[in-house]
Amino acid sequence: DCENLTTISIPKVTTIGDYAFEYCYKLAEIKYDGTLTLPGSYGINSDARVIKPGDESVLYKDSNGLVYFEYEDNKYKVHSYQGTNQVVTIPAKFNGGDVTEIREYAFYNCTNLTTVTMSEVTTIGNDAFAGCDNLTTVTMPKVTTIGSHAFEECRGLTTVTLPEVITIGCGA
């Protein structure tokens, strides 16, 4: 009897049999790795989201306008920014998982953005902040990889704080 079960994370599963979650009426999300054969009947609530890590069709938005997707189990990437704040702090955690990357073009042309702080992000994708011409300050204490053109045309950039960066792409 699993009537209060809301989320399941299953590593390395290939098949879920019929009736496996028959009375799990609150089951809203199933996360898995690998190939999965879903049950034919009474296995999963029809409203449940079935998520394979890395699937960008499942996005989560926080109250500050940051949009994320889970690219590995409990690891999130900033997909895009849909907010209007001038100052953005990318949190270390989202939905219980680590926020470790910023996707390509995530903040592209966010012209009102002035300050970005990211505490646990290690990778910034290509063109992630390109065209943010009012961006003046970026703090990224854990970044080890900055993609090509990540800060291209950030003409207002005056202060960048970073650790020992291992890789910086061309035109970054």
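Scroll up to find the structure.
The structure presented is a predicted model; accordingly, all values stated were derived computationally and were not measured. (Residues numbered from 1 in each chain as written. Predicted model: local features only at pLDDT ≥ 70, side-chain atom pairs only at ≥ 80, totals over all residues. Heavy atoms only, no water.)

### As for the packing of aromatic side chains
Line of reasoning, step 1. Under the defined criterion, the tally for this structure stands at eight aromatic pairs.
Line of reasoning, step 2. Judged by centre distance (5.3 Å) and plane angle (85°), the rings of Y76 and F94 are edge-to-face. On the criterion of sequence distance, the pair formed by Y76 in strand β6 (residues 75-81) and F94 in strand β8 (residues 93-94) is long-range, its members being 18 residues apart.
Line of reasoning, step 3. Both rings, one in Y81 and one in F107, keep their centres 5.4 Å apart while their planes meet at 25°; by these two values the pair is stacked. (Phe/Tyr/Trp six-rings, centres within 6.5 Å; stacked < 30°, edge-to-face > 60°. Helix = DSSP H or I, 4+ residues; strand = E, 2+ residues; numbered from the N terminus.)

### Here we look at the sheet that holds strand β7 (residues 87-90)
Line of reasoning, step 1. Overall, parallel pairing links the four strands, which are arranged β7-β10-β12-β14 in an open sheet. At either margin of the open sheet sits one strand with a lone partner, and together these are β7 and β14 (159-161). Adjacent strand axes in the sheet meet at a mean angle of 5° when their direction is disregarded.
Line of reasoning, step 2. Bridge count between strand β12 (residues 137-139) and β14: three bridges; the pairing is parallel. Within β14, the residue paired with T137 across the bridge is T159. (Pairing = 2+ DSSP bridges. Axes fitted to C-alpha atoms, helices over the stretch in contact; angles between N-to-C directions.)

### Examining the pairing of strand β9 (residues 97-102)
Line of reasoning, step 1. Within β9, five of the six residues are buried, which leaves the element mostly enclosed by the surrounding structure.
Line of reasoning, step 2. Relative to β9, β6 is paired through four bridges, and the arrangement is parallel. Across the sheet, K77 pairs through a bridge with E101, a residue of β9.
Line of reasoning, step 3. For β8 and β9, the ladder comprises two bridges, and the chain directions are antiparallel. Across the sheet, F94 pairs through a bridge with G97, a residue of β9.
Line of reasoning, step 4. Pairing geometry for β9 and strand β11 (residues 123-124), over two bridges, is parallel. Following the sheet pairing, E101 is matched in β11 by T123. (Buried < 20%, exposed > 50% of the residue type's maximum accessible area, 1.4 Å probe, protein only.)

### Observations concerning the pattern of salt bridges
Line of reasoning, step 1. Scanning all chains against the criterion turns up four salt bridges.
Line of reasoning, step 2. Across the salt bridge formed by E101 and K77, the nearest N and O atoms sit 3.3 Å from each other. Of this pair, E101 sits in strand β9 while K77 sits in strand β6, and the two are 24 residues apart along the sequence.
Line of reasoning, step 3. Owing to a relative accessible area of 17%, E101 belongs among the buried residues under this scheme. (Salt bridge = Lys/Arg side-chain N within 4 Å of Asp/Glu carboxyl O.)

### So, the environment of L59
Line of reasoning, step 1. Structurally, the position occupied by L59 is in the loop between β3 (49-51) and β4 (60-61).
Line of reasoning, step 2. Taking C-alpha positions, L59 is 8.0 Å from E70, a pair spaced 11 residues apart along the chain.
Line of reasoning, step 3. If we skip the residues at most four places from it in the chain, L59 touches V67, Y68, F69 and H79. (Contact = heavy atoms within 4.5 Å.)

### Remarks on the nonpolar core
Line of reasoning, step 1. Core analysis: the largest hydrophobic core is formed by 31 residues, its most contacted members being I90, I102, F107, M118, I124, F129 and F151.
Line of reasoning, step 2. At the level of elements, β5 (66-72), β6, β7, β9 and β10 (115-118) are the ones that each hand at least two residues to this core.
Line of reasoning, step 3. Per element, the largest residue contribution to this core is three residues, and it comes from β6.
Line of reasoning, step 4. Counting residues in each nonpolar core, the second largest holds five residues, with I8, I10, C24 and I30 among its members. (Core = buried A, V, L, I, M, F, W, Y, C linked by side-chain atoms within 4.5 Å.)

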